[in-house]
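Structure assessment
Listed here are the chains, written in short residue letters.
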Amino acid sequence: MTQMIGFTRKETMQLTGCTSSRLAYLEKVGLIVPYRYGASSGRPIVVFSWEQLLEIRAIRNLRQEEISLQTVRKIIEFLDKSGYDNSLRNKQLVVVGDEVFWVEQDWSDFGANMPTALKVADKKNKGVGQYVLLVIPPLIDLVNDIWEVAKDSKVIDFQSFQQRAKAIPA
């Protein structure tokens, strides 16, 4: 028996807090595209990667801050067009009102360890791409969130989860 590399749809729903319909919608709009195996006869097995779990969780956290999926897509497009990695899972994003900032500790333009943010979204599309100085505490780590859910889950086999997860909580 081969070890599964990703996470089933049911495990993904449990670990990310997303419904099946939300996962289907994220796939439909192209934000998260899971892997499918064995589609020749019957339903394929749908598998999400560890990175996709983190991405789904990052999107969910933005949605909880009342950021629309359209704005999430705009953030990803902005990052992509600007030459940055367009994943959200490895970005510290801060929502202030209707603006979203990407906080990075070391922007090479500003010197080491200066807390700086790049504005990546605004409902009025004003100032997107501008650097802003911010002083904020560290954000909650997505990895810790998923590990906590996995520990308490009745759906997830925690021992198997530990082998498949690519990061250990801090």
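For the structure given in this document, a descriptive report is provided here. Please read all numbers here as calculations on a predicted model, not as lab measurements.

1. Describing the environment of R89
- Counting through the fold element by element, R89 comes out in the loop between α4 (69–81) and β4 (92–96).
- Overall, R89 belongs to the partly exposed group, its relative accessible area being 32%.
- For the pair formed by R89 and I59, sequence separation is 30 residues and the distance between their alpha carbons is 8.3 Å.
- Not counting residues up to four positions away in its chain, the partners in contact with R89 are E51, L54, E55, A58 and L142.

2. Here we look at the layout of surface pockets
- Reported here for the second largest pocket is a volume of approximately 200 Å³.
- Forming the walls of the second largest pocket are 14 residues, and the residues nearest its centre are G30, L31, E55, I76 and N86.
- Breaking the lining of the second largest pocket down by element, the ones donating at least two residues are α3 (50–64) and α4.
- Per-element tally for the lining of the second largest pocket: the top contributor is α3, with 4 residues.
- Residues of the lining of the second largest pocket, tallied by class, amount to 5 nonpolar, 4 polar and 5 charged.

3. A closer look at the packing of aromatic side chains
- A full pass over the atoms with the stated rule returns 7 aromatic pairs.
- Between K91 and the ring centre of W102, over which it is positioned, the NZ or CZ distance is 4.9 Å.

4. Quick notes on α3
- Look at α3: 21 Å from first C-alpha to last across 15 residues, which is about the 21 Å you get at 1.5 Å a residue.
- Residues of α3 that are buried: W50, Q52, L53, L54, E55, I56, R57, A58, I59 and L62.
- After α3 finishes, the residue E66 shows a positive phi value of roughly 65 degrees.

5. Let's talk about the pattern of salt bridges
- On inspection of all chains with the given rule, the structure shows 5 salt bridges.
- The salt bridge partner of E55 is R89, with a shortest N-O separation of 3.4 Å. With a gap of 34 residues between them, E55 in helix α3 and R89 in the loop between α4 and β4 connect regions that are remote in the sequence.
- A salt bridge links E148 to K151, with the shortest nitrogen-to-oxygen separation between them at 3.6 Å. Pair noted here: E148 and K151 are both in helix α5 (residues 142–152), with a separation of 3 residues, about one helical turn.
- Taking relative accessible area as the criterion, E148 reaches 44% and is therefore assigned partly exposed.

6. Digging into the sheet that holds strand β1 (residues 7–8)
- In space, the 3 strands of this open sheet follow the order β1-β3-β2, with antiparallel pairing throughout. Each edge of the open sheet is held by one strand with a lone partner, namely β1 and β2 (35–37).
- Two strands pair when backbone bridges link them, and β2 and strand β3 (residues 45–48) are joined in this way by 3 bridges, in the antiparallel orientation. Bridge pairing in β3 places Y35 opposite V47.
- Packing of α3 onto the sheet brings it into contact with β1, β2 and β3, and relative to β3 it is tilted by some 70 degrees.

Scoring rules and cut-offs
Residues numbered from 1 in each chain as written. Predicted model: local features only at pLDDT ≥ 70, side-chain atom pairs only at ≥ 80, totals over all residues. Heavy atoms only, no water. Helix = DSSP H or I, 4+ residues; strand = E, 2+ residues; numbered from the N terminus. Buried < 20%, exposed > 50% of the residue type's maximum accessible area, 1.4 Å probe, protein only. Contact = heavy atoms within 4.5 Å. 1 Å grid on protein atoms, 1.4 Å probe; cavity = no way out; pocket = protein on both sides within 12 Å on 5 of 7 lines; lining within 4 Å. Points joined across faces, edges and corners; volume = space filled by probe spheres on them. Nonpolar A, V, L, I, M, F, W, Y, C, P; charged D, E, K, R; others polar. Phe/Tyr/Trp six-rings, centres within 6.5 Å; stacked < 30°, edge-to-face > 60°. Lys NZ or Arg CZ within 6 Å of the ring centre and 35° of its normal. Expected span 1.5 Å × (residues − 1). Salt bridge = Lys/Arg side-chain N within 4 Å of Asp/Glu carboxyl O. Pairing = 2+ DSSP bridges. Axes fitted to C-alpha atoms, helices over the stretch in contact; angles between N-to-C directions.

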